[in-house]
Amino acid sequence: MSNYVVAMEAAWLVRDVENSDDAIGVAVSEAGKRLNDKDLDYVEVEAGVTSCPACAEPLDAAFLAAETALVGLVLELTIFNADSEEHASRIAKSEVGGALRDVPLKVIEVVEEPEDD
């Protein structure tokens, strides 16, 4: 059994914001609060990054229209003693999905941690 770091992408909807920086701050704060309320304070929450289709420059993953934003978040956690990458992915989605009901989640990366000697 191995330990895996699992990164997931989440789509977070934020209402009544005037700019993308505010939307990102609200999304990170709300997600963190919901995770902490379920004792999942070990899940790291960050704003996602996407690239510009024209110039490939990195951009914050936030789309704002009519004072409503869709913010892409990256959630990362370590899963201990999983049988495989797929097993670690299922565990991570189950843990985080239970706290963030109705929030779309997608596993974007699974990395096996090196074993300690």
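Heads up: the structure comes first, above all this text.
Residues numbered from 1 in each chain as written. Predicted model: local features only at pLDDT ≥ 70, side-chain atom pairs only at ≥ 80, totals over all residues. Heavy atoms only, no water.

Novice: What is the right way to read the pairing of strand 1 (residues 2–15) from this model?
Specialist: For a regular strand, side chains alternate in direction, first toward one face of the sheet and then toward the other. Judged from the 13 bridges that link them, strand 1 and strand 6 (residues 68–82) form a sheet pairing that is antiparallel. For Ala11, the partnering residue across the bridge sits in strand 6 and is Gly72. Relative to strand 7 (residues 105–112), strand 1 runs antiparallel, the two being bridged by seven bridges. The residue bridging Glu9 from the neighbouring strand is Lys106, located in strand 7. (Pairing = 2+ DSSP bridges. Helix = DSSP H or I, 4+ residues; strand = E, 2+ residues; numbered from the N terminus.)

Novice: Can you walk me through a negative patch on the surface in this structure?
Specialist: Where like charges cluster on the molecular surface, the negative patch consists of Asp16, Glu18, Asp21, Asp22, Asp60 and Glu67. Mapped onto the secondary structure, Asp60 falls in strand 4 (residues 58–60). Residue Asp60 is classed as partly exposed on the basis of its relative accessible area of 43%. (Patch = residues over 30% accessible without salt bridge, like charges linked within 9 Å, V, L, I, M, F, W, Y side chains within 5 Å. Areas by Shrake-Rupley, 256 points an atom, 1.4 Å probe, with all protein chains shown as cover. Salt bridge = Lys/Arg side-chain N within 4 Å of Asp/Glu carboxyl O. Lys, Arg positive; Asp, Glu negative; His and termini not counted. Charge placed at Lys NZ, Arg CZ, Asp CG, Glu CD. Buried < 20%, exposed > 50% of the residue type's maximum accessible area, 1.4 Å probe, protein only.)

Novice: Sorry if this is basic, but what is going on with unusual backbone geometry here?
Specialist: The phi torsion of most residues other than glycine is negative, and most of the peptide bonds are trans. With phi around 65°, Ala56 is a residue other than glycine that occupies positive phi space. Look at Ala56 and you get exposed, because its relative accessible area is 55%. Backbone geometry at Asn81 places phi at a positive 55°, although glycine is not the residue there. Here Asn81 shows up in strand 6. By relative accessible area, Asn81 is classed as partly exposed at 48%.

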